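Structure at a glance
Listed below are the residues making up each chain.
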Amino acid sequence: MIDRRSFLTAGAAVSAAGVLAACAKKNPTKSTGSKGGGTEQITLGFSQVGSESGWRAANTQSVKDAAKAAGINLKFSDAQQKQENQISAIRSYIAQKVDVISFSPVVVTGWDTVLKEAKAAGIPVILTDRSVETSDPSLYVTLVGSDFESEGERAAHLLEKVLAGQKGTVKIAQLEGTTGAAPAIERSSGFAKIMKASHPEWKIIASQSGDFTRAGGKQVMAAFLQAHSDIQVLFSHNDDMAIGAIQAIQAAGKAPGKDIKIISCDGVHDGFVAMSKGQINAIVECNPLLGPQLMDTVKTVHAGKGSTLPRWIKTKESDYTADQAAAALPSRKY
Ligand code: GYE
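Nothing here was measured: the structure is a model prediction, and the numbers come from that model.

1. A few points about the packing of helix H7 (residues 214-227) against helix H8 (residues 239-251)
Running from N to C, H7 and H8 point in directions that differ by 45 degrees, and their axes come no closer than 7 Å. What the angle tells us is that H7 and H8 run oblique. Every pair of crossing elements has a handedness; the one defined by H7 and H8 is right-handed. Between H7 and H8, the residues in contact are Arg214, Gly217, Lys218, Met221, Ala222 and Leu225 and Asp240, Met241, Ile243, Gly244, Ala245, Gln247, Ala248 and Ile249, respectively. Residue composition of the contact of H7 with H8, by class: eight nonpolar, three polar and three charged.

2. Section: the site of the ligand
Lining the immediate surroundings of the ligand are 13 residues, of which Glu52, Arg130, Arg187, Asn238 and Asp266 lie closest. For the ligand, an oxygen atom lies 2.9 Å from a polar atom in the side chain of Asp129. Starting from 300 Å² of accessible surface for the ligand in isolation, the protein chains cover 100%. Elements with a minimum of two residues in the shell around the ligand: helix H2 (54-70) and helix H6 (182-198). Taken together, the residues of the shell around the ligand sort by class into five nonpolar, two polar and six charged.

3. With respect to the packing of aromatic side chains
Applying the stated rule across the entire model yields five aromatic pairs. One aromatic cluster in this structure is built from Phe191, Trp202 and Phe235. In this structure, Arg311 is placed above the aromatic ring of Tyr140, and the distance from its NZ or CZ to the ring centre is 4.2 Å.

4. Observations regarding the environment of Cys286
Examined against the element boundaries, Cys286 turns out to sit in the loop between strand S10 (282-285) and helix H10 (291-302). Among the residues examined, Cys286 registers a relative accessible area of 1% and is labelled buried. Each C-alpha atom, one on Cys286 and one on Thr315, is 8.2 Å from the other, the two residues being 29 residues apart in sequence. In this view, Cys286 contacts Trp55, Ser146, Phe148, Glu151, Arg187, Asp266, Glu317 and Tyr334; residues no more than four positions away in its chain are not counted.

5. Examining the packing of helix H5 (residues 148-163) against H6
The interhelical angle for the contact between H5 and H6, taken along N-to-C directions, is 45 degrees, at an axis separation of 6 Å. The pairing of H5 with H6 is recorded here as oblique in orientation. Taken as a pair, H5 and H6 cross one another with a handedness that is right-handed. Here Phe148, Glu149, Glu151, Gly152, Glu153, Ala155, Ala156, His157, Leu159 and Glu160 of H5 lie close against H6, whose contacting residues are Ala182, Pro183, Glu186, Arg187, Ser189, Gly190, Phe191, Lys193 and Ile194. A class-by-class count of the residues in the contact of H5 with H6 yields eight nonpolar, four polar and seven charged.

6. Looking at the environment of Ile87
Relative to the assigned elements, Ile87 resides in helix H3 (residues 83-95). When the C-alpha positions of Ile87 and Ser47 are compared, they lie 8.8 Å apart, and in sequence the two are 40 residues distant. When near neighbours in sequence (up to four residues on either side) are disregarded, Ile87 contacts Gly110, Trp111 and Val114.

7. A look at the sheet that holds strand S1 (residues 43-48)
Strand pairing in a sheet relies on backbone hydrogen bonds, with the paired strands running either antiparallel or parallel. Overall, parallel pairing links the six strands, which are arranged S2-S1-S3-S4-S5-S11 in an open sheet. Edge positions in the sheet fall to strand S2 (73-78) and strand S11 (312-314), since each has one partner strand and no second. Across this sheet, the average inter-strand angle for adjacent strands is 20 degrees, counted without regard to direction. Pairing of strand S3 (residues 100-103) with strand S4 (residues 125-128), which is carried by three bridges, proceeds in the parallel orientation. When the bridges of S4 are listed, Phe103 appears paired with Leu127. Strand contacts of H3: S1, S2 and S3, with the helix running at about 170 degrees to S1, the strand carrying the most contacts. Packing of H10 onto the sheet brings it into contact with S1, S3, S4, strand S5 (142-145) and S11, and relative to S4 it is tilted by some 165 degrees.

8. Comments concerning the nonpolar core
Core analysis: the largest hydrophobic core is formed by 26 residues, its most contacted members being Met221, Phe224, Leu234 and Ile280. Contributing elements (two or more residues each) for this core: strand S6 (170-176), H7, H8, helix H9 (269-276) and helix H11 (322-328). The dominant element in this core, judged by the number of residues it contributes, is H8, at six residues. Counting 23 residues, the second-largest nonpolar core is a separate cluster that includes Ala89, Ile90, Val106 and Leu143.

9. Topic: the pattern of salt bridges
Counted under the stated rule, the structure contains 15 salt bridges. Glu317 serves as the salt-bridge partner of Arg154, at 3.4 Å between the closest nitrogen and oxygen. Of this pair, Arg154 sits in helix H5 while Glu317 is found in the loop between S11 and strand S12 (319-321), placing the two residues 163 residues apart along the sequence. Note on Arg154: relative accessible area 15%, which makes it buried. Arg214 is paired through a salt bridge with Asp240; the nearest N and O atoms lie 3.0 Å apart. With Arg214 in helix H7 and Asp240 in helix H8, this pair connects stretches of sequence that are 26 residues apart. Residue Arg214 is classed as partly exposed on the basis of its relative accessible area of 33%. Note on Asp240: relative accessible area 5%, which makes it buried. Here the salt bridges do not stand alone but share partners, grouping Glu52, Arg56, Asp129 and Arg130 into one network.

The rules behind these values
Along each chain, residue indices are assigned from 1 in the same order as the chain's sequence is written. The predicted nature of this model means local features are confined to residues of pLDDT at least 70 and side-chain atom pairs, given and counted, to a pLDDT of 80 or more, with totals for whole chains, interfaces and linings taken over all residues. By convention in this description, side-chain values take in all heavy atoms of the structure and omit both hydrogens and water. Only the contacting stretch of a helix is used when fitting its axis, a line to C-alpha atoms as for every element, and angles between N-to-C directions run 0 to 180 degrees. What counts as a helix is a DSSP run of H or I of at least four residues, what counts as a strand is a run of E of at least two, and both are numbered from the N terminus. When describing relative orientation, an angle under 35 degrees is termed roughly parallel and one over 145 degrees roughly antiparallel, while 65 to 115 degrees is termed roughly perpendicular and anything else oblique. Put simply, a crossing is left-handed when the front helix is turned counterclockwise from the back one by less than a right angle, and right-handed when it is turned clockwise. We call two residues in contact when some of their heavy atoms are within 4.5 Å. Charged residues are taken to be Asp, Glu, Lys and Arg, nonpolar residues to be Ala, Val, Leu, Ile, Met, Phe, Trp, Tyr, Cys and Pro, and polar residues to be all remaining types, Gly included. We call a residue near a molecule or strand as soon as one heavy atom of that residue lies within 4 Å of the molecule or strand. Definition of a polar contact: a pair of N or O atoms within 3.5 Å, with one able to donate and the other able to accept a hydrogen when the atoms are protein atoms, and with sequence-neighbouring residues admitted only if both atoms are side-chain atoms. Computed with a 1.4 Å probe, the accessible areas rest on the Shrake-Rupley method; for each residue, only the protein chains presented here act as cover. Two aromatic rings from Phe, Tyr or Trp, using only the six-membered ring of Trp, form a pair when their centres are within 6.5 Å; if the ring planes differ by under 30 degrees the pair is stacked, by over 60 it is edge-to-face, and anything between is tilted. In our convention, an over-ring charge means Lys NZ or Arg CZ found within 6 Å of a ring centre and within 35 degrees of that ring's normal. Here the term buried applies to any residue with accessible area under 20% of the maximum for its type, exposed to any over 50%, and partly exposed to those in between, with areas from a 1.4 Å probe on protein chains only. In this description, strands pair whenever DSSP reports at least two bridges between them. Here the nonpolar core consists of buried residues drawn from Ala, Val, Leu, Ile, Met, Phe, Trp, Tyr and Cys, with membership extended through side-chain atoms lying within 4.5 Å. What makes a salt bridge here is a side-chain nitrogen of Lys or Arg within 4 Å of a carboxyl oxygen of Asp or Glu, nothing more.

Right, here's the structure in full:
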């Protein structure tokens, strides 16, 4: 299991940030653009995971809007959920000598080589949304994103509410996110932690990746239903897979939200619509609107002040149950 906090000591973190801050100073703005008035424009190379979900679409929009508002020159690429595409995008940003690189890593492992290349070129790296596993904390300045372990725990607590004291064994199917991705690993482990501590009666009878997509959720849920006629609960790592699963559940002649209770993560618009219809019982919010915080962080790092930042800039989030969905829907921002 990955604990983003465990592989760094505070001291290492501070000195790592210091190294990158020094790099940033050594290589002052190399960008070509100028915003006018003599202000040098920062160029940010951003490698996005893909376009797999409503969450991702909202995140992409937020990054683009915030870069524009902050006067940052954004170079954006979509990796179509493939690590090799992200590595190529980062290499191309290094070759273009951007000022800062940011990316949302599709999976947690396998980044050290390309991150060392960025460091050698003096380009600071800011992680956004998802974390990486690395033995060298100096390879990135900070992570701007959510606490997925806590989201998994919150999902389990929402299930306690939804079951409202129901007695006996509870048979749970789990739709996991992309294999090896931080939110998939940590939402699973957070949920399992609460199960282990407080719910010996909960059993995960099926668990597989639906790659965070609607099509994946539908296909995997259909297979789960074929193999297990007795699923009582679905824990889906995102709303899109839950929406795909709802279609599979209906096709199998069952009522989503009633015959099979559904808990999911994200809180995107379509998730809220399904929840207001009672098809999803509860949602753990995961906020994709990270753009403004990311741009502030880019400016701080580019100014050589990365060492003043915490290693993890956490996003604030809430939980919702079906009875709150209709009232909350009009004010949802994504
Ligand atoms: O939950 C899912 C998306 O990394 C938090 O990725 C993100 C996850 C989000 O595809 O919908």
